[in-house]
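# Coordinate inspection notes
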Amino acid sequence: MKTAVCPGSFDPVTVGHLDIIERAAAIFDKVIVLVAVNPQKQPSFSPEERADFIRRCTSHLDNVSVDICEGLIVDYVKKVGADTVVKGLRAMTDFEYEFQMSLINRTISGGVETVFMTAGAEHMYLSSSAVKQVAYYGGDISPFVPAEILDDINSRILRKI
Ligand code: ADP
């Protein structure tokens, strides 16, 4: 059984994230989407809210589950018996950071591999922070976030960041 962990902030999950999750679910037997709690970031949504959003828009995927992690991603990966981390790459700007993290993670874990999937061409420009900025000013974010969570994001973000 090949299990992949798909970590991120997901603050909130976007259709770009969902595309990566769906494509990973088609390759691996099991995918765990991991809401990584990073004390250096100031998220707009709590880890539980972010996990709930992801659960609601991945309910059609039988082999996908969602969890929250406060420590090192690689420790979580080993704890659950997974062997692969899956990450989406949007552009060269993602590459340098992700390249560094994958090498560090492989070194400190003694072998956990990171697999990169290129973002869908239509999602290359999309980030959670851009979505929040549009929502804050009352813009239409429906092309960017899964329909299941659209109203919740709008009501939480509109002029509140
Ligand atoms: P961000 O806060 O930059 O939106 P996250 O930390 O939540 O991103 O991202 C988790 C993973 O998803 C990262 O590997 C990131 O590169 C990837 N990702 C983010 N947005 C997209 C997108 N639009 N398309 C594909 N992958 C993405």
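Residues numbered from 1 in each chain as written. Predicted model: local features only at pLDDT ≥ 70, side-chain atom pairs only at ≥ 80, totals over all residues. Heavy atoms only, no water.

Summarising burial for strand 2 (residues 30-36): 6 of the 7 residues are buried, a large majority. Relative to strand 2, strand 1 (residues 3-8) runs parallel, the two sharing 6 bridges. Within strand 2, the residue paired with Val5 across the bridge is Ile32. In this fold, strand 1 hands off to helix 1 (residues 15-27), which returns the chain to strand 2; that crossover is right-handed. Where strand 2 meets strand 3 (residues 64-69), 6 bridges bridge the pair, whose relative direction is parallel. If you follow Val35 over to strand 3, its bridge partner there is Ile68. (Buried < 20%, exposed > 50% of the residue type's maximum accessible area, 1.4 Å probe, protein only. Helix = DSSP H or I, 4+ residues; strand = E, 2+ residues; numbered from the N terminus. Pairing = 2+ DSSP bridges. Right-handed = clockwise from strand over helix to strand, strands pointing away.)

As a further point, take helix 5 (residues 128-136). Within an α-helix, residues lying three or four positions from one another point in the same direction, as the helix has 3.6 residues per turn. Three or more residues of helix 5 are buried, namely Ser128, Val131, Lys132 and Ala135. One face of helix 5 carries all of its buried residues, which in axial projection span an arc of 95°. Phi for Gly138, located one or two positions after helix 5, is positive at around 80°. (Arc of directions from axis to C-beta.)

In this section: the pairing of strand 1. Most of strand 1 is tucked away: 6 of the 6 residues are buried. Along strand 1, one buried face is formed by Thr3, Val5 and Pro7 and the opposite face, lined by Ala4, Cys6 and Gly8, is buried too. The sheet contact formed by strand 1 and strand 4 (residues 84-89) spans 2 bridges and is parallel. For Ala4, the partnering residue across the bridge sits in strand 4 and is Thr84.

The subject of this paragraph is the pattern of salt bridges. With the rule as written, the count across this model stands at 10 salt bridges. Two residues, Arg56 and Asp52, come together in a salt bridge whose shortest N-O distance is 3.1 Å. A residue pair is termed a helical-turn pair when its members lie 3 or 4 positions apart in one helix, as Arg56 and Asp52 do in helix 2 (residues 47-57) at 4 residues. The partly exposed category is assigned to Arg56, whose relative accessible area is 29%. Taking the relative accessible area as the measure of exposure, Asp52 reaches 34% and is therefore partly exposed. Residue Asp94 pairs with Arg90 through a salt bridge whose shortest N-O separation is 2.9 Å. Take Arg90: its relative accessible area is 32%, and that puts it in the partly exposed class. In this structure, a network of salt bridges that share partners links the residues Asp11, Arg50 and Lys132. (Salt bridge = Lys/Arg side-chain N within 4 Å of Asp/Glu carboxyl O.)

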